[in-house]
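Notes for the structure review
The chain contents come next:
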Amino acid sequence: LDSADFDALEDKARARLSPGAYAFAAAGADDEITLAENIAAWRTLRLRPRVLNDVAKIDTGASILGAGLRNPIMVAPFGRHKLFHPEGECATARGAAAAGAVFVLPTTSTVSMEDVASEAATAPRWFQLYLPPDRGLAENLIDRAAAASFGAIVLTVDQPVYGSSPRAARAPLTPSPDIRSANLPGQPIAQHSYKPGHTGSVTFPATLRDLEWLVSRSRLDVVVKGVLRGDDAVRCVEAGAKAIIVSNHGGRHLDGAIATADALPEMADAIAGKAELYVDGGIRRGTDIVKALALGARAVLVARPVIWGLALGGAEGVRAVLDHLNAELARAMALCGAARLADIGADLVANK
Ligand SMILES: Cc1cc2nc3c(=O)[nH]c(=O)nc-3n(C[C@H](O)[C@H](O)[C@H](O)COP(=O)(O)O)c2cc1C
């Protein structure tokens, strides 16, 4: 696996996957403006490296919700891993564990959360929740996640209705009896979110009261994913969220949403250390991770490069992508004069 160049990796994965599976992973909503700007916004930022520091030993060790991790890189939740590899989320879980990365398992996993938990028993993992309107089902999911030793619940709030993707609509997925939403009752055959009939229909319209309910009901820490404004971040923290993920869902629902690199500084100011802050969307290089940490994130999440690794090499492919990003992070830190994550401050990024 050549993970040195994620664009080349994507091309290879595209050749391996069905057109529908590739489009489901790669596409963004509408004109794909936000999809492209997520990547471009990191690339626009410029670094101000420090010199004459001792960088003989680089330590990428991170502390995330109180857990010590080898690096600040997590696998973002993405649905339906069996579309990309027959072992599905089991392969991703093993690859993430080998790289020391937190694996965020999606609600729409094609392997049950209990099976994923036994696959990488001691590895750090969180459970992403789309809050079902049925409270009984929500309680079932969060109680099972706690019983299966997931470390946190990640509530996704940026998809009250489905977005629309012309690119994905042109390459529809054929539903398969082997690919099911294994966490849900009856294990329904997985449908994909860009199905034309879904567009604009209500999915998981979580409100602030739902977040308050979840915080009071869940034994696990609650992380809110999909926030792009400082005022919303403050509302989440006041409701009891322990961390916020700055995210526009990889540009998959609201096109024209602000790029996450551009939203991050406002969020860091608003939260002012009262909760942890992570960011995803367009992270493709170790230097992107340095920039994200400099702008106030404690960790980053990555989806699409992990999907390409999964498609090409299963668990090994996932590990290779994550190890590669971590090696790039260590090199970027050395070149910026930062031996530890704590040395990465706002001064490392030039004002635009
Ligand atoms: C194929 C695919 C499926 C996704 N499914 C979910 C999901 O089920 N829940 C969720 O919170 N985010 C989902 N996301 C969004 C990711 O968690 C993440 O926010 C985003 O993709 C990160 O950007 P990147 O792909 O540029 O790294 C999905 C992303 C992709 C690419």
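Presented here is an overview of the structure given in this document. (Residues numbered from 1 in each chain as written. Predicted model: local features only at pLDDT ≥ 70, side-chain atom pairs only at ≥ 80, totals over all residues. Heavy atoms only, no water.)

This paragraph deals with the overall build of the protein. For the protein, the count of helices and strands is twelve helices and ten strands. Counting only C-alpha atoms, the protein reaches 60 × 45 × 40 Å along its principal axes. Counting contacts in the protein only where the partners sit at least 6 residues apart, residues at least 24 apart contribute 73% of the total. Total accessible area on the protein is roughly 14200 Å²; 51% of this is exposed by carbon and sulfur atoms. Within the protein, the 39 negative side-chain charges are centred at a point lying 2 Å from the centre of the 37 positive side-chain charges. (Helix = DSSP H or I, 4+ residues; strand = E, 2+ residues; numbered from the N terminus. Contact = heavy atoms within 4.5 Å. Areas by Shrake-Rupley, 256 points an atom, 1.4 Å probe, with all protein chains shown as cover. Lys, Arg positive; Asp, Glu negative; His and termini not counted. Charge placed at Lys NZ, Arg CZ, Asp CG, Glu CD.)

Here we come to the sheet that holds strand S3 (residues 73-75). As summarised here, the arrangement of the eight strands in space is S3-S4-S5-S6-S7-S8-S9-S10, forming a closed barrel in which the pairing is parallel. For this sheet, the mean inter-axis angle between neighbouring strands, taken without regard to orientation, is 30 degrees. Taken together, the three bridges between S3 and strand S10 (residues 299-302) define a ladder with parallel strand orientation. Bridge pairing in S10 places Val75 opposite Val302. Packing of helix H9 (residues 230-238) onto the sheet brings it into contact with strand S7 (221-227) and strand S8 (243-246), and relative to S7 it is tilted by some 165 degrees. (Pairing = 2+ DSSP bridges. Axes fitted to C-alpha atoms, helices over the stretch in contact; angles between N-to-C directions.)

All right, on to the site of the ligand then. Not every one of the 23 residues close to the ligand is listed here, only the nearest: Pro77, Thr156, Asp280, Gly282 and Arg284. In this structure, a nitrogen atom belonging to the ligand sits 2.9 Å away from a side-chain N or O atom of Lys225. In the complex, 98% of the free accessible area of the ligand, which totals 600 Å², lies under the protein chains. Contributions of two or more residues to the shell around the ligand are made by helix H2 (19-26) and helix H12 (304-335). Classifying every residue of the shell around the ligand gives nine nonpolar, nine polar and five charged. (Near = heavy atom within 4 Å. Polar contact = N/O pair within 3.5 Å; in protein donor to acceptor, adjacent residues only side chain to side chain. Nonpolar A, V, L, I, M, F, W, Y, C, P; charged D, E, K, R; others polar.)

For the structure on display, the rule yields 15 salt bridges. The partner of Arg50 in a salt bridge is Asp347, and the shortest N-O contact between them spans 3.0 Å. Note that Arg50 is positioned in the loop between helix H3 (33-44) and strand S1 (62-64) and Asp347 in the segment after H12, a separation of 297 residues in sequence. For Glu87, the salt bridge identified is with Arg94, shortest N-O distance 3.0 Å. (Salt bridge = Lys/Arg side-chain N within 4 Å of Asp/Glu carboxyl O.)

Tallied over the entire structure, the rule returns six aromatic pairs. Each ring, one from Phe127 and one from Phe150, has its centre 6.0 Å from the other, and the planes form 80 degrees; the classification is edge-to-face. Note that Phe127 is positioned in strand S5 (residues 125-129) and Phe150 in the loop between helix H6 (135-147) and strand S6 (152-156), a separation of 23 residues in sequence. Through a chain of ring-to-ring contacts, three or more aromatic side chains come together here, namely Phe24, Phe78 and Phe84. Looking at Arg125, its charged tip hangs above the ring of Phe150, at a distance of 5.2 Å from the centre. (Phe/Tyr/Trp six-rings, centres within 6.5 Å; stacked < 30°, edge-to-face > 60°. Lys NZ or Arg CZ within 6 Å of the ring centre and 35° of its normal.)

The next point concerns the nonpolar core. With 118 residues, the main nonpolar core has Phe84, Trp126, Ile244 and Tyr278 as its most contacted residues. The greatest single-element share of this core, amounting to 14 residues, is contributed by H12. Every residue in contact with Ile244, bar those within four places of it in the chain, is listed here: Val223, Val224, Val227, Ala233, Cys236, Val237, Met267, Ile271, Glu276, Leu277 and Tyr278. (Core = buried A, V, L, I, M, F, W, Y, C linked by side-chain atoms within 4.5 Å. Buried < 20%, exposed > 50% of the residue type's maximum accessible area, 1.4 Å probe, protein only.)

With that settled, consider the packing of helix H4 (residues 89-99) against H12. One way to put it is that H4 packs onto H12 with a least axis distance of 6 Å and a crossing angle of 15 degrees. Considering their axes alone, H4 and H12 lie roughly parallel with respect to each other. The two elements H4 and H12 meet at a crossing, and its hand is right-handed. Residues Ala91, Thr92, Arg94, Gly95, Ala96, Ala98 and Ala99 of H4 form the contact with H12, whose own contacting residues are Val306, Leu310, Gly314, Ala315, Val318, Arg319, Leu322 and Asp323. (Parallel < 35°, antiparallel > 145°, perpendicular 65-115°, else oblique. Left-handed = near helix turned anticlockwise from the far one by under 90°.)

A few words on the environment of Pro177. Within the element layout of this structure, Pro177 appears in the loop between helix H7 (166-170) and helix H8 (208-217). Using a relative accessible area of 54% as the deciding quantity, one classes Pro177 as exposed. Taking the C-alpha atoms as reference points, Pro177 and Pro188, eleven residues apart in sequence, are found 8.7 Å from one another.

In this fold, Gly337 is placed in the segment after H12. Residue classification places Gly337 among the buried positions, given a relative accessible area of 5%. Along the backbone, Gly337 and Ala138 are 199 residues apart, and their C-alpha atoms lie at a distance of 46 Å. Aside from chain neighbours lying at most four places away, what touches Gly337 is Arg50, Asn53 and Val55.

What follows is about the pairing of S8. Here S8 shows no split at all, with Ala243 and Ile245 on one side and Ile244 and Val246 on the other all buried. Taken together, the four bridges between S7 and S8 define a ladder with parallel strand orientation. Note that in S8 the partner of Val227 across the bridge is Val246. Traced from S7 through H9 to S8, the parallel crossover comes out right-handed. Where S8 lies against strand S9 (residues 276-280), four bridges are found, and the strand directions are parallel. Among the inter-strand pairings, Ala243 is bridged to a residue of S9, identified as Glu276. Running through helix H10 (residues 260-271), the crossover from S8 to the neighbouring parallel element S9 is right-handed. (Right-handed = clockwise from strand over helix to strand, strands pointing away.)

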